[in-house]
Amino acid sequence: MISCKQCGVELETQMKSCPLCGTVVGESGYKGPTATELNLTNVLQLPAEDKYVLKHLLWQIVAILLFSGILATLLIDLMINHHVTWAVYPLCFCTILLSYAALLAFWHKKTMYQILVGWLASTLVLWLLYYLFPFAGWLLYLGIPILFSVNFILLALMSLFHLAGQKGLNLLAYTFVAIALLGLLLEGIISYYVSRQIRLSWSVIVAACLFPVITALFFMFYRMRNQPVFQKIFHT
């Protein structure tokens, strides 16, 4: 193992630059940003092999945290109740996050494909957990509809981003529209699961509050999209 001369991070022998600060391996001079200057642009400019190592490092951190959370909640639940009860909630949440994180780390395809497969994998996880814990009916009747809504809205939002001819404030407006729709769907699903009736209250208030913001963003975008300053800011 070798260490980065700039920030001291341990490096693999095949790495050409430090994935944390960007310093070129084997050179004493400064060749990249420091850790305090590290941002998304610098990360995207790293060599492919360094991105791969950085992605796997992040995966290991996420996996350790999620597995620790699962183990801790299961042990506490078993010690108190002598069988699994409320621990199904964090178990479900952490397992779904693990499925998505694993796909993003190891399956190098387009993000939309990763989300689609993660959606399928998460649905299978919910079915498996329901088989193991049949008392948790919410896994099927609440979990799967919520999972469907979140993934559907996310894929639709990504499609809008991709199809947008000019990118600027309209992307922010699309995001707020997605948040409003997701709130309506989630409250509708939860209320139907609880009372077998669709009742909307807080989600309507959220959507109503977002409506003027969305309108203003679209107005500003279409009014200013041909302005040189606007195009320079958003690189359109």
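Heads up: the structure comes first, above all this text.
Residues numbered from 1 in each chain as written. Predicted model: local features only at pLDDT ≥ 70, side-chain atom pairs only at ≥ 80, totals over all residues. Heavy atoms only, no water.

Focus on the overall build of the protein
Scanning the protein from N- to C-terminus turns up eight helices and two strands. Reading the secondary structure of the protein in the N-to-C direction produces β-β-α-α-α-α-α-α-α-α. Among the 236 residues that make up the protein, the fraction classed as buried is 33%. If you take every contact in the protein between residues at least 6 apart in sequence, the share linking residues at least 24 apart comes to 49%. (Helix = DSSP H or I, 4+ residues; strand = E, 2+ residues; numbered from the N terminus. Buried < 20%, exposed > 50% of the residue type's maximum accessible area, 1.4 Å probe, protein only. Contact = heavy atoms within 4.5 Å.)

Details of the packing of aromatic side chains
Centre distance and the angle of the planes are the two values used to describe a pair of aromatic rings. For the structure shown, the criterion picks out eight aromatic pairs. On the basis of an interplanar angle of 25 degrees and a centroid distance of 6.3 Å, the ring pair of F218 and Y222 is categorised as stacked. Taken as a pair, F218 and Y222 lie in helix α7 (residues 202-224) at a separation of four residues, close to a single helical turn. Site record: aromatic cluster; members linked through ring pairs are Y174, F218, F221 and Y222. Positioned above the aromatic ring of Y192, the side-chain terminus of R196 is 5.7 Å from the ring centre. (Phe/Tyr/Trp six-rings, centres within 6.5 Å; stacked < 30°, edge-to-face > 60°. Lys NZ or Arg CZ within 6 Å of the ring centre and 35° of its normal.)

Some remarks on helix α6 (residues 169-195)
Taking 1.5 Å of rise per residue, the 27 residues of α6 would be expected to cover 39 Å, and the 39 Å separating its terminal C-alpha atoms lies within 8% of that figure. Looking at α6, one finds that the buried residues are L169, N170, L171, A173, Y174, A178, A180, G183, E187, G188, I189 and S191. R196 lies just past α6 and shows a positive phi near 60 degrees. (Expected span 1.5 Å × (residues − 1).)

Looking at a nonpolar patch on the surface
A cluster of nonpolar side chains, namely L71, L75, I76, M79, I80, W86 and Y89, defines an oily patch on the protein surface of about 760 Å² accessible area. Element by element, the count of residues in the nonpolar patch is highest for helix α2 (residues 48-81), at five residues. Along the chain, I76 falls in helix α2. (Patch = residues over 30% accessible without salt bridge, like charges linked within 9 Å, V, L, I, M, F, W, Y side chains within 5 Å. Areas by Shrake-Rupley, 256 points an atom, 1.4 Å probe, with all protein chains shown as cover. Salt bridge = Lys/Arg side-chain N within 4 Å of Asp/Glu carboxyl O.)

Concerning the packing of helix α3 (residues 88-106) against helix α5 (residues 138-163)
Running from N to C, α3 and α5 point in directions that differ by 35 degrees, and their axes come no closer than 13 Å. In this structure, α3 meets α5 at a crossing whose hand is right-handed. In contact with V88, Y89, C92 and Y100 of α3, α5 contributes W138, L139, L147 and N151. Broken down by class, the residue content of the contact of α3 with α5 amounts to seven nonpolar, one polar and no charged. (Axes fitted to C-alpha atoms, helices over the stretch in contact; angles between N-to-C directions. Left-handed = near helix turned anticlockwise from the far one by under 90°. Nonpolar A, V, L, I, M, F, W, Y, C, P; charged D, E, K, R; others polar.)

Focus: the packing of α3 against helix α4 (residues 111-132)
One way to put it is that α3 packs onto α4 with a least axis distance of 9 Å and a crossing angle of 150 degrees. As summarised for this structure, α3 and α4 are arranged roughly antiparallel, according to the angle between their axes. Crossing of α3 over α4 shows right-handed handedness. Residues L91, C92, T95, I96, S99, Y100, L103 and L104 of α3 form the contact with α4, whose participating residues are Q114, I115, V117, G118, W119, A121, S122, V125, L126 and L129. (Parallel < 35°, antiparallel > 145°, perpendicular 65-115°, else oblique.)

Things to note about the environment of L184
Here L184 is to be found in helix α6. Using a relative accessible area of 28% as the deciding quantity, one classes L184 as partly exposed. Not counting chain neighbours up to four residues away, the residues in contact with L184 comprise L200, S203 and V204.

Notes on the side chain of S99
Considering the arrangement of structural elements, one finds S99 in helix α3. On the basis of relative accessible area, S99 is assigned to the buried category, the value being 13%. A distance of 3.2 Å separates the side chain of S99 from the side chain of S122, its partner in a polar contact. What S99 contacts, discounting residues up to four positions off in sequence, is G118, A121 and S122. (Polar contact = N/O pair within 3.5 Å; in protein donor to acceptor, adjacent residues only side chain to side chain.)

Don't take any of this as a statement about function, it's just geometry.
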